[in-house]
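Residue-level listing of the chains:
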Amino acid sequence: MIEMIVDRVQVSLMSQHRLVVLRDTQEERYLPIWIGAFESEAITLELQGMLRERPLTHDLLKATITEMGGAVRHIFINNLSKDVFYAQINIEVNGDSIDIDSRPSDAIALAVRLKAPIYVDKQVMDKAGIRPDRNVEPEILGLDDEFTEPAEKVDETKLSAFADFVDTLNLDDFDEDE
């Protein structure tokens with residue numbers, strides 16, 4: 001098992017597809033995993049420490065496990081088959097260890113809430129792990145060029161054409177009385 005941490009969540013600038021990028025704690029290797037919009041938001045909100053008025057699904061799962069006396073010991077991304085990743089959530093309850101089948105995105109969203117270790121099977125890393133080329137920008141990680149910015153960062157220079165357009169607008173032109 002290879003220990004990983006969440007390096008970043010990325011959103012495609014072109015299609016709104018999302019990736020969670022895990023980083024090996026021992027080597028410069030990364031594991032990008034496609035995830036859904038809700039899981040992307042759940043992971044990002046927790047990593048940024050943003051407070052929520054009401055619990056999200058992963059907050060509910062965390063509360064349920066802890067209120068029932070359980071503890072998440074780790075999550076384990078244990079398989080990759082036909083481009084689909086598989087994971088398990090290892091929970092200890094009353095001295096017994098239970099492995100629960102999970103999508104990796106849900107397991108990661110739970111792990112970041114509970115500060116639980118994230119592990120990946122060596123064979124999965126051998127199949128899907130990425131070692132960035134030293135001559136390539138590190139945030140691209142060999143992925144399609146549409147994934148160039150982390151979800152939480154916005155390059156304001158890319159918005160300059162829009163800002164210039166907004167600056168030329170005359171709000172009097174939008175008066176409803178005319």
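Structure first, text after, so check above.
Residues numbered from 1 in each chain as written. Predicted model: local features only at pLDDT ≥ 70, side-chain atom pairs only at ≥ 80, totals over all residues. Heavy atoms only, no water.

**Q** What is the right way to read the overall build of the protein from this model?
**A** Counting its secondary structure elements, the protein contains 5 helices and 7 strands. Counting across all 178 residues of the protein, residues that qualify as buried make up 39%. Contacts in the protein between residues at least 24 apart in sequence constitute 53% of all its contacts with a sequence separation of at least 6. By element, 50% of the accessible surface of the protein is carried by carbon and sulfur atoms, the whole surface being about 11,500 Å². (Helix = DSSP H or I, 4+ residues; strand = E, 2+ residues; numbered from the N terminus. Buried < 20%, exposed > 50% of the residue type's maximum accessible area, 1.4 Å probe, protein only. Contact = heavy atoms within 4.5 Å. Areas by Shrake-Rupley, 256 points an atom, 1.4 Å probe, with all protein chains shown as cover.)

**Q** Help me out: how do you make sense of the packing of helix 2 (residues 57-67) against helix 3 (residues 104-114) in this one?
**A** Axes are the key here: two packed helices are described by the angle between their axes and the distance separating the axes. Running from N to C, helix 2 and helix 3 point in directions that differ by 65°, and their axes come no closer than 9 Å. As for how helix 2 packs across helix 3, the hand of that crossing is right-handed. Facing helix 2, whose interface residues are H58, D59, L61, K62, I65 and T66, helix 3 presents D106, A109, L110, R113 and L114. Its residues assigned to classes, the contact of helix 2 with helix 3 shows 5 nonpolar, 2 polar and 4 charged. (Axes fitted to C-alpha atoms, helices over the stretch in contact; angles between N-to-C directions. Left-handed = near helix turned anticlockwise from the far one by under 90°. Nonpolar A, V, L, I, M, F, W, Y, C, P; charged D, E, K, R; others polar.)

**Q** Before we go on, may I ask you to explain the pairing of strand 6 (residues 96-102) in this structure?
**A** As judged from the 7 bridges shared by strand 5 (residues 84-93) and strand 6, these two strands associate in the antiparallel manner. Within the sheet, the bridge partner assigned to E92 lies in strand 6 and is S97. What sits between the antiparallel neighbours strand 5 and strand 6 is a turn of 2 residues, in which N94 has the positive phi angle 50°. (Pairing = 2+ DSSP bridges.)

**Q** Just checking my understanding: could you explain the side chain of D106 for this structure?
**A** The topology assignment puts D106 in helix 3. Side chain to side chain, D106 and H58 meet in a polar contact 2.8 Å long. If near-sequence neighbours (up to four positions away) are discounted, D106 is found in contact with E39 and H58. (Polar contact = N/O pair within 3.5 Å; in protein donor to acceptor, adjacent residues only side chain to side chain.)

**Q** Any chance you could explain the sheet that holds strand 5 here in plain terms?
**A** Whenever strands of a sheet pair, they do so through backbone hydrogen bonds, lying parallel or antiparallel. With mixed pairing, the 7 strands of this open sheet are ordered in space as 3-2-1-7-4-5-6. Pairing within the sheet leaves two strands with one partner each, and these edge strands are strand 3 (30-35) and strand 6. Taken over all neighbouring pairs, the strand axes of this sheet differ in orientation by 35° on average, direction set aside. Relative to strand 1 (residues 2-11), helix 1 (residues 37-47) is tilted by about 110°, and along the sheet it contacts strand 1, strand 2 (18-24) and strand 3.

**Q** What is the right way to read the nonpolar core from this model?
**A** In a soluble, globular protein the nonpolar side chains are often hidden away together inside. Ranked by size, the top nonpolar core spans 32 residues in total, and within it V20, L22, L31, I77 and I108 carry the most contacts. Here the element with the most residues in this core is helix 3; it accounts for 6 residues. Ignoring anything within four residues of it in the chain, the contact list for I108 reads V6, V20, L22, I43, I75, I77 and I118. (Core = buried A, V, L, I, M, F, W, Y, C linked by side-chain atoms within 4.5 Å.)

**Q** What exactly am I supposed to notice about the pattern of salt bridges here?
**A** Pairs can form between side chains of opposite charge once their charged atoms are near each other. Enumeration according to the criterion identifies 12 salt bridges in this entry. Of the charged contacts, one joins R29 and E27 as a salt bridge, the two residues approaching to 3.9 Å between their closest N and O atoms. Residues E39 and R103 are paired through a salt bridge, measuring 2.5 Å at the closest nitrogen-oxygen approach. A residue pair is termed long-range when its members are at least 10 positions apart, and E39 in helix 1 and R103 in the loop between strand 6 and helix 3 qualify at 64 residues. Taken together, the salt bridges that share partners define one network made up of D24, E27, R29 and R131. (Salt bridge = Lys/Arg side-chain N within 4 Å of Asp/Glu carboxyl O.)

**Q** I'm lost on the environment of D83 in this one. Help?
**A** Residue position: D83 is located in the loop between strand 4 (70-81) and strand 5. You can call D83 exposed: its relative accessible area is 74%. Once the C-alpha coordinates of D83 and K127 are considered, the two residues, 44 residues apart in sequence, prove to be 10.0 Å apart.

**Q** Is there a simple way to explain the environment of Q123 in this structure?
**A** You can see Q123 is positioned in helix 4 (residues 122-128). Sequence separation of Q123 and N79 is 44 residues, and the distance between their C-alpha atoms is 7.9 Å.

**Q** What's the story with the pairing of strand 2 in this structure? I'm lost.
**A** Residues in a regular strand project their side chains so that they alternate between the two faces of the sheet. Most of strand 2 is tucked away: 6 of the 7 residues are buried. By the bridge criterion, 7 bridges tie strand 1 to strand 2 in an arrangement that is antiparallel. Of the residues in strand 2, the one forming a bridge with I5 is R23. Count of turn residues in the strand 1/strand 2 antiparallel hairpin: 6 residues, of which Q16 carries a positive phi of about 65°. Here strand 2 pairs with strand 3 via 6 bridges, running antiparallel. Bridged to R18 within strand 3 is I35.

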